[in-house]
Amino acid sequence: MKSAVENLSPTRVKLNVEVPFEELKPSIDAAYKTIATQVQVPGFRKGKVPNKLIDQRVGRGYVIETAINDGLNGFYQEAVQEAGIQPLSRPEVEITEVPDPSATEGQLIFQVEVDIRPEIELPEYAGLEVTVEAAEATDEDVEKALDDLRGRFGTLKTVDRPAVDGDFITIDLTATVGDEEVDSATGLSYQVGAGTMLDGLDEAVTGLSADEDATFETKLAGGEHAGEDATVKVVLKAVKERELPEANDDFAQLASEFDTIAELREDLTKQAAESKVVEQGIEARDKVLDKLVELIEVPVPDSVVEEQMEQHFRPENAHGGEEHDTEEHRAEVRENTERAFKNEVILDAVADKEEIGVNQAELIDYIVSASSQYGMDPNQFAQLLDQSGQVGMMVGEVRRRKALAKVLEQAKVTDSNGSEVDLSDFVRPAGEEAEGGVEEMIAATEAEAAKAENEAGESTEAVDADK
């Protein structure tokens with residue numbers, strides 16, 4: 001088989017493929033066998049009909065057509081492999097020549113146009129300079145961390161006063177659209193200012209006391225009437241404020257492994273400092289990636305963008321109806337799609353240059369983290385990935401993360417005060433190549449998840465007992 005690549009653009013090629021009769025013949029033989037099981041000829045069992053009788057019954061041309069249809073994908077994949085390209089879109093095939101049905105020679109010639117992943121040239125990225133905000137843990141950060149910890153052990157006390165921001169309230173809600181009551185709920189718990197229920201609720205309940213009510217206009221967020229304008233009546237049943245335990249040695253022993261409040265404060269100070277380093281690391285990581293994208297021109301195939309646009313704006317995904325499909329939202333999705341594609345191409349190129357691999361422990365860490373975002377058991381999530389053939393995609397994502405960490409490791413990071421920022425603790429060292437199959441990965445994930453679940457259970461029991 002002969003194949004040649006014609007570059008139509010940086011992201012699209014045309015493959016010209018010639019398949020001689022000798023290489024097409026195995027497909028023709030296979031086509032005869034397939035057709036032999038489909039036709040009935042008196043005196044012959046299915047699958048045993050001679051080729052000459054098949055030619056008489058269905059025609060040699062039909063046999064050639066069947067052979068081409070069945071073998072075309074294999075010839076296309078072979079041409080792709082020879083060309084060393086990575087197709088991104090559905091191939092558009094045009095057959096320009098087929099063997100003469102009356103002869104035992106000739107060739108199959110076809111052309112394929114397909115979008116491909118572009119080749120890029122990486123600049124020298126070692127020593128990229130980025131500036132991040134100066135970040136030092138303050139006394140206010142430590143006090144906030146201490147207050148957050150105290151809040152976890154706080155108790156709610158009913159108070160006889162109007163509700164203010166941060167209070168915990170009990171409410172009844174009734175929603176009407178026009179003159180029709182469409183939904184209601186009683187005894188709901190809500191923290192004023194959380195903004196997690198209905199737009200306008202926080203303003204409506206602020207200043208209300210127990211047994212007082214208010215009415216506000218809002219857009220329903222769920223149910224059969226999602227997206228519709230509604231009038232909601234809220235009745236406030238109770239106002240509670242959180243009482244925090246006193247920050248003393250007894251509290252330190254209750255809430256931590258330390259015996260004194262001084263030791264707990266010292267640990268919180270250390271954690272606050274580490275948190276600031278993480279914040280700087282995230283800012284530096286994002287800015288390093290921004291610089292890479294600025295330095296490298298990555299053409300984006302139209303098919304990549306259009307496929308994502310079509311998927312995002314399918315009716316079943318358009319939860320906001322017509323308000324979901326706006327010019328502004330389409331522009332945002334297009335921009336995000338193009339940026340994500342550029343990031344992927346650049347980081348894959350970095351990973352290739354740095355010869356970055358992914359080991360089993362790193363893949364497990366990623367799966368455990370990703371499964372929690374979907375509210376799934378890590379073991380079931382890993383099995384689902386395996387069954388749907390998505391493990392390779394996960395490996396690619398972990399590999400790209402490590403590639404970005406490698407670039408960040410070589411970058412020069414300073415803060416807004418001009419001081420050099422040490423991110424050595426933020427950047428994870430490169431791992432070794434992955435070993436073992438998916439079954440071992442799943443088993444290891446299950447063990448890791450079980451361990452985490454046991455530790456979480458023990459922690460919860462201890463807290464409940466202390467409370």
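Basis of the calculations
Residues numbered from 1 in each chain as written. Predicted model: local features only at pLDDT ≥ 70, side-chain atom pairs only at ≥ 80, totals over all residues. Heavy atoms only, no water. Patch = residues over 30% accessible without salt bridge, like charges linked within 9 Å, V, L, I, M, F, W, Y side chains within 5 Å. Areas by Shrake-Rupley, 256 points an atom, 1.4 Å probe, with all protein chains shown as cover. Salt bridge = Lys/Arg side-chain N within 4 Å of Asp/Glu carboxyl O. Lys, Arg positive; Asp, Glu negative; His and termini not counted. Charge placed at Lys NZ, Arg CZ, Asp CG, Glu CD. Helix = DSSP H or I, 4+ residues; strand = E, 2+ residues; numbered from the N terminus. Phe/Tyr/Trp six-rings, centres within 6.5 Å; stacked < 30°, edge-to-face > 60°. Buried < 20%, exposed > 50% of the residue type's maximum accessible area, 1.4 Å probe, protein only. Pairing = 2+ DSSP bridges. Core = buried A, V, L, I, M, F, W, Y, C linked by side-chain atoms within 4.5 Å. Contact = heavy atoms within 4.5 Å. Axes fitted to C-alpha atoms, helices over the stretch in contact; angles between N-to-C directions. Expected span 1.5 Å × (residues − 1). Parallel < 35°, antiparallel > 145°, perpendicular 65-115°, else oblique. Nonpolar A, V, L, I, M, F, W, Y, C, P; charged D, E, K, R; others polar.

What follows is about a negative patch on the surface. Taken together, the side chains of Glu 246, Asp 249, Asp 250, Asp 259, Glu 263 and Glu 266 make up a negatively charged region of the molecular surface. Only helix 6 (249–255) and helix 7 (261–295) provide two or more residues apiece to the negative patch. Mapped onto the elements, Asp 259 comes out in the loop between helix 6 and helix 7.

What follows concerns the packing of aromatic side chains. Under the counting rule described, the total for this entry stands at two aromatic pairs. With centroids separated by 6.0 Å and ring planes inclined at 90°, the aromatic side chains of Phe 153 and Phe 251 adopt a geometry described as edge-to-face. Placement of the pair is Phe 153 in the loop between helix 4 (139–152) and strand 6 (155–158) and Phe 251 in helix 6, with a sequence separation of 98 residues. Each member of the pair, Phe 153 as well as Phe 251, is classed as buried. With a centroid separation of 5.7 Å and 25° between ring planes, the pair formed by Tyr 374 and Phe 381 is classed as stacked. Residue classification places Tyr 374 among the exposed positions, given a relative accessible area of 60%.

What follows deals with the pairing of strand 4 (residues 107–115). Within a regular strand, the side chains alternate between the two sheet faces. When strand 2 (residues 12–20) meets strand 4, the two strands line up antiparallel, connected through nine bridges. Within strand 4, the residue paired with Pro 20 across the bridge is Gln 107. In terms of strand pairing, strand 3 (residues 92–97) meets strand 4 through five bridges, oriented antiparallel. By the bridge assignment for strand 4, Glu 92 is matched with Glu 113.

All right, on to the pairing of strand 1 (residues 2–9) then. Here strand 1 runs beside strand 2; their pairing, made up of seven bridges, is antiparallel. Among the inter-strand pairings, Val 5 is bridged to a residue of strand 2, identified as Leu 15.

A few words now on the nonpolar core. By size, the foremost hydrophobic cluster in this structure holds 34 residues, and its most contacted members are Leu 128, Ala 284, Val 288, Leu 292, Val 407, Leu 408 and Val 413. Of all the secondary-structure elements, those providing two or more residues to this core are strand 5 (129–132), helix 7, helix 8 (302–312), helix 9 (327–354) and helix 12 (391–409). Looking at this core element by element, the count peaks at seven residues for helix 9. Core analysis: the next-biggest nonpolar cluster, separate from the first, contains 31 residues, Leu 24, Phe 75, Ile 85 and Val 112 among them.

Within the secondary structure, Thr 269 sits in helix 7. By relative accessible area, which is 38% here, Thr 269 ends up partly exposed. Remark: the alpha-carbon pair of Thr 269 and Ala 137, spanning 132 residues in sequence, is separated by 7.3 Å.

Under the definition given, this model contains 25 salt bridges. The residue Asp 29 makes a salt bridge to Lys 25 at a minimum N-O spacing of 3.2 Å. Remark: Lys 25 and Asp 29 occur in helix 1 (residues 21–36); sequence separation between them is four residues, near one turn of the helix. Among the residues examined, Lys 25 registers a relative accessible area of 39% and is labelled partly exposed. Overlapping salt bridges bring together Arg 117, Glu 344, Asp 348, Glu 397, Arg 400 and Arg 401 as one network.

Let's shift gears to the environment of Ala 36. Tracing the backbone shows Ala 36 in helix 1. In this structure Ala 36 comes out as buried when scored by relative accessible area, which is 2%. Spatially, the C-alpha atom of Ala 36 lies 6.2 Å from that of Lys 46, the residues being 10 residues apart in sequence. Those residues in contact with Ala 36 that lie beyond four places of it in its chain are Lys 46, Gly 47, Val 49 and Ile 54.

Read from one edge of the open sheet, four strands run 1-2-4-3, paired in antiparallel fashion. Edge positions in the sheet fall to strand 1 and strand 3, since each of these pairs with one other strand and no more. Taken over all neighbouring pairs, the strand axes of this sheet differ in orientation by 20° on average, direction set aside. Packed onto the sheet, helix 1 meets strand 2 and strand 4 and runs at close to 85° relative to strand 2.

A few words on helix 4. Counted at 1.5 Å a residue, the expected span for helix 4 with its 14 residues is 20 Å, and the 20 Å between its end C-alpha atoms agrees. For helix 4, the set of buried residues is Val 142, Leu 146, Leu 149, Arg 150 and Gly 151. Looking at the buried side of helix 4, the elements it contacts are strand 10 (229–243), helix 6 and helix 7.

Here helix 2 (residues 51–58) crosses helix 3 (residues 60–83) at 100°, and the two axes come no closer than 6 Å. As judged from the angle between their axes, helix 2 and helix 3 are roughly perpendicular. On the side of helix 2, the interface is formed by Ile 54, Asp 55 and Val 58, while helix 3 contributes Arg 60, Tyr 62 and Val 63. For the contact of helix 2 with helix 3, the per-class residue count stands at four nonpolar, no polar and two charged.

A separate point is a nonpolar patch on the surface. There is a patch of nonpolar side chains on the surface, built from Val 93, Ile 95 and Val 98 and spanning about 220 Å² of accessible area. Within the secondary structure, Ile 95 is located in strand 3. The partly exposed category is assigned to Ile 95, whose relative accessible area is 38%.

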